[in-house]
Amino acid sequence: ELLSFEAFWKGSIMGLVPCVATKVICAPFMGKARWVIGWAMVGRAEFAYLIAQMAVAANMIDEITFSITIWALLYATVLAPFVFRTVL
């Protein structure tokens, strides 16, 4: 399921809008270090991998939902360090 097109496109939307955009959009209202704060909040996905794994192991979510979640978290995990380095 992880490599299916459905998981990829839904995970991309979830990753770019709720996981990244919402945190960066609030940045202009944060003061002097606005972009640093916004992008620092994006890279907080490590614990979410554990929660997603525990949810699928406990049959709380199905495999497709787990796959979408992993794709969404990958965007936050991969993008954040590169952009954060440029805004520092």
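Each value, and the rule that gives it
Residues numbered from 1 in each chain as written. Predicted model: local features only at pLDDT ≥ 70, side-chain atom pairs only at ≥ 80, totals over all residues. Heavy atoms only, no water. Helix = DSSP H or I, 4+ residues; strand = E, 2+ residues; numbered from the N terminus. Buried < 20%, exposed > 50% of the residue type's maximum accessible area, 1.4 Å probe, protein only. Lys, Arg positive; Asp, Glu negative; His and termini not counted. Charge placed at Lys NZ, Arg CZ, Asp CG, Glu CD. Phe/Tyr/Trp six-rings, centres within 6.5 Å; stacked < 30°, edge-to-face > 60°. Contact = heavy atoms within 4.5 Å. Salt bridge = Lys/Arg side-chain N within 4 Å of Asp/Glu carboxyl O. Axes fitted to C-alpha atoms, helices over the stretch in contact; angles between N-to-C directions. Parallel < 35°, antiparallel > 145°, perpendicular 65-115°, else oblique. Left-handed = near helix turned anticlockwise from the far one by under 90°.

Draft legend 1. Region of the structure containing the overall build of the protein. The helix and strand tally for the protein stands at four helices and zero strands. Overall size of the protein, expressed as C-alpha extent along the three principal axes, is 45 × 25 × 20 Å. Of all 88 residues assigned to the protein, the portion counted as buried reaches 28%. Here the protein contributes 6 positive and 5 negative side-chain charges, whose respective centroids are spaced 24 Å apart.

Draft legend 2. Up close: the packing of aromatic side chains. Within this structure, the stated rule accounts for one aromatic pair. On the numbers, 5.0 Å between centres and 85 degrees between planes, the contact of phenylalanine 8 with tryptophan 71 is edge-to-face. Note that phenylalanine 8 is positioned in helix 1 (residues 5–25) and tryptophan 71 in helix 4 (residues 63–87), a separation of 63 residues in sequence. Given a relative accessible area of 33%, phenylalanine 8 falls into the partly exposed group.

Draft legend 3. Layout of the environment of isoleucine 68. The topology assignment puts isoleucine 68 in helix 4. As for isoleucine 68 and glutamate 6, which are separated by 62 residues in sequence, their C-alpha atoms are 8.1 Å apart. Not counting chain neighbours up to four residues away, the residues in contact with isoleucine 68 comprise Ala7, Lys10, Gly11 and Met14.

Draft legend 4. Here's a closer look at the pattern of salt bridges. Overall, the coordinates contain one salt bridge when judged by the stated rule. Between glutamate 6 and lysine 10 there is a salt bridge, with the nearest N and O atoms lying 2.8 Å from each other. Taken together, the positions of glutamate 6 and lysine 10, both in helix 1 and four residues apart, correspond to about one turn of that helix. Glutamate 6 sits in the partly exposed class, given a relative accessible area of 36%. In this structure lysine 10 comes out as partly exposed when scored by relative accessible area, which is 29%.

Draft legend 5. Structural view of the packing of helix 1 against helix 4. The N-to-C vectors of helix 1 and helix 4 enclose an angle of 50 degrees; their axes lie 7 Å apart at closest approach. Accordingly, the angle class assigned to the pair helix 1 and helix 4 is oblique. For the pair helix 1 and helix 4, the crossing hand works out as right-handed. Contact residues: Glu6, Ala7, Phe8, Lys10, Gly11, Ser12, Met14, Gly15, Leu16, Cys19 and Val20 in helix 1; Ile64, Ser67, Ile68, Trp71, Ala72, Tyr75, Ala76 and Leu79 in helix 4.

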